[in-house]
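Secondary and tertiary structure notes
Listed below are the residues making up each chain.
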Amino acid sequence: MNTTEPNDDVPSRLAATLKAIRRAERSAGRTEGDVTLVAVSKTFAAEDIEPALQAGQRAFGENRVQEAKAKWPALRERYPDVELHLIGPLQSNKADEAVALFDVIHTVDRAKIAQALAKEMRDQGKTPRLFVQVNTGEEPQKAGVPPREVDAFLASCRNDHGLAIEGLMCIPPVDETPAPHFALLEKLARRNGLKGLSMGMSSDFAEAIAFGATHVRVGSAIFGARPKP
Ligand SMILES: *Cc1c(COP(=O)(O)O)cnc(C)c1O
């Protein structure tokens, strides 16, 4: 857990981020409130997250199932309307815990995960909202469906696994300008009739909104720098 950064200013950073989101919505001609801010609280302890909850933030993103399981049940008892988003890679043997804990899963990216989620959703009677992660940069080390396989994978989620997919998610390569990746994700979503677009992080969320993002995932701009992995 990160204890090196002072987080006294989480409420003001959060307010500034929300203001920038509303400004980006306006300049893109989008409806105000169209974009959901997912506050990425990975690596931060409950006491760092609490000021954001007190300031009214309700959607939070975590990238590890185990870490989320350790932090969120207690916070949720006090803030029952929290909406928890899984934004990190999911292993099929954690599908049961992911379905139990998360309201939205952004990282569906292969048949084995789709199948495991479908089974858990049936068994638990829960229906988390689902996004398919796309590897827009076709980076070998990165999770996500290659762009040319997206249409077939979405059809398989629907037809073979009975899953309703809300949208697409991407993490552009760190060393490239993100705009072409946002544009590609938007194109893939539109041609498959999907409304959701999870794209944009601290450094580029305003640009992502210009390209149609419905969910931006913002961590360090709100909570401060994370320790390097
Ligand atoms: C950590 C993370 C973020 C947030 O990154 P920041 O640059 O801190 O805003 C967004 N999306 C994913 C998938 C992440 O893992």
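Heads up: these notes are all about the structure in this document.

Side note on the packing of aromatic side chains
Under the definition given, this model contains 3 aromatic pairs. Geometrically, the ring pair formed by F60 and W72 is tilted, given 4.9 Å between the ring centres and 45° between the ring planes. Residue F60 is located in strand β2 (residues 59–62), and its partner W72 is located in helix α3 (residues 65–78); the two are separated by 12 residues in the primary sequence. Taken as a pair, F60 and W72 share a single burial class, namely buried. Both rings, one in F182 and one in F211, keep their centres 6.4 Å apart while their planes meet at 55°; by these two values the pair is tilted. A residue pair is termed long-range when its members are at least 10 positions apart, and F182 in helix α7 (residues 179–191) and F211 in the loop between α8 (205–210) and β8 (215–218) qualify at 29 residues. F182 gets classed as buried once you look at its relative accessible area, which sits at 0%. Its relative accessible area of 30% is what places F211 among the partly exposed residues.

Procedures and definitions
- Residues numbered from 1 in each chain as written.
- Predicted model: local features only at pLDDT ≥ 70, side-chain atom pairs only at ≥ 80, totals over all residues.
- Heavy atoms only, no water.
- Phe/Tyr/Trp six-rings, centres within 6.5 Å; stacked < 30°, edge-to-face > 60°.
- Helix = DSSP H or I, 4+ residues; strand = E, 2+ residues; numbered from the N terminus.
- Buried < 20%, exposed > 50% of the residue type's maximum accessible area, 1.4 Å probe, protein only.

Worth remembering: the numbers are spatial, not functional.
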